[in-house]
Structures are given as C-alpha cells and as structure tokens.
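Residue-level listing of the chains:
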Amino acid sequence: MANFQASVLVSLRPSVLDPAGEAARSAAARLGIDGIKKLRIGKSVVLEIDAPNEAEAKRKIQLLADRLLANPVIEDWSFDLQTTP
C-alpha cells in the first residue's frame, strides 16, 4: 500500500457571490492596501491516504471532494496528489 498526500482546493464558482471575500477586500482597503480588484475566499484541505496505486488514490480523492468536501452546486474543486515516503 502506498501513501499519498493530497491538497484539495475548494472555491466558490465564479457565478456565486462571495460576501466573505468582499468583506475581506473592504477591510484590506481600510488597512490602506489599495489595488485589490477581486478577493475570493475558499478552503484548502490537506490529507494523507493509503491506496494500492495512484489511480486508486485519485479515485478516492475525487469521490471525497465531490461528495464531502465541496458543494457541487456552488463550488468547484481541484487537487494535487503526491506520493509520500
């Protein structure tokens, strides 16, 4: 069994409003940080998983992201998978 580390990034779809991102952008402007045109907030999930091979690890991560980590109606996700020693 191989050990893999996955980083899953979940973000709101471009068509979905992001009130938290807008609040952070406004707060940045109040701090004197100008020039931020758009700020969107998402989440990052890092996990380690055992699988017999990379294809099976990818299958498990895709299932996890689709059904647990992201809301497919309003969020998109992507992931990076690496083998760990």
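What counts and what doesn't
- Residues numbered from 1 in each chain as written.
- Predicted model: local features only at pLDDT ≥ 70, side-chain atom pairs only at ≥ 80, totals over all residues.
- Heavy atoms only, no water.
- Helix = DSSP H or I, 4+ residues; strand = E, 2+ residues; numbered from the N terminus.
- Buried < 20%, exposed > 50% of the residue type's maximum accessible area, 1.4 Å probe, protein only.
- Areas by Shrake-Rupley, 256 points an atom, 1.4 Å probe, with all protein chains shown as cover.
- Lys, Arg positive; Asp, Glu negative; His and termini not counted.
- Charge placed at Lys NZ, Arg CZ, Asp CG, Glu CD.
- Salt bridge = Lys/Arg side-chain N within 4 Å of Asp/Glu carboxyl O.

A.B. asks: Explain the overall build of the chain to me, and be specific about the residues and the numbers.
C.D. replies: A count of helices and strands for the chain gives two helices and three strands. For the chain, the spread of C-alpha atoms along the principal axes amounts to about 50 × 30 × 15 Å. When the 85 residues of the chain are sorted by exposure, 24% land in the buried category. Total accessible area on the chain is roughly 5,900 Å²; 55% of this is exposed by carbon and sulfur atoms. Positive and negative side-chain charges in the chain, numbering 11 and 11 respectively, have mean positions lying 6 Å apart.

A.B. asks: Before we move on, can you summarise the pattern of salt bridges with the specific residues and values?
C.D. replies: Using the criterion set out here, one finds four salt bridges in the structure. The salt bridge partner of R59 is E56, with a shortest N-O separation of 2.7 Å. Residue R59 and its partner E56 are both found in helix α2 (residues 54–69); the two are separated by three residues, about one turn of the helix. For R59, a relative accessible area of 43% translates into the label partly exposed.

In short, shape yes, function no, at least from these values alone.
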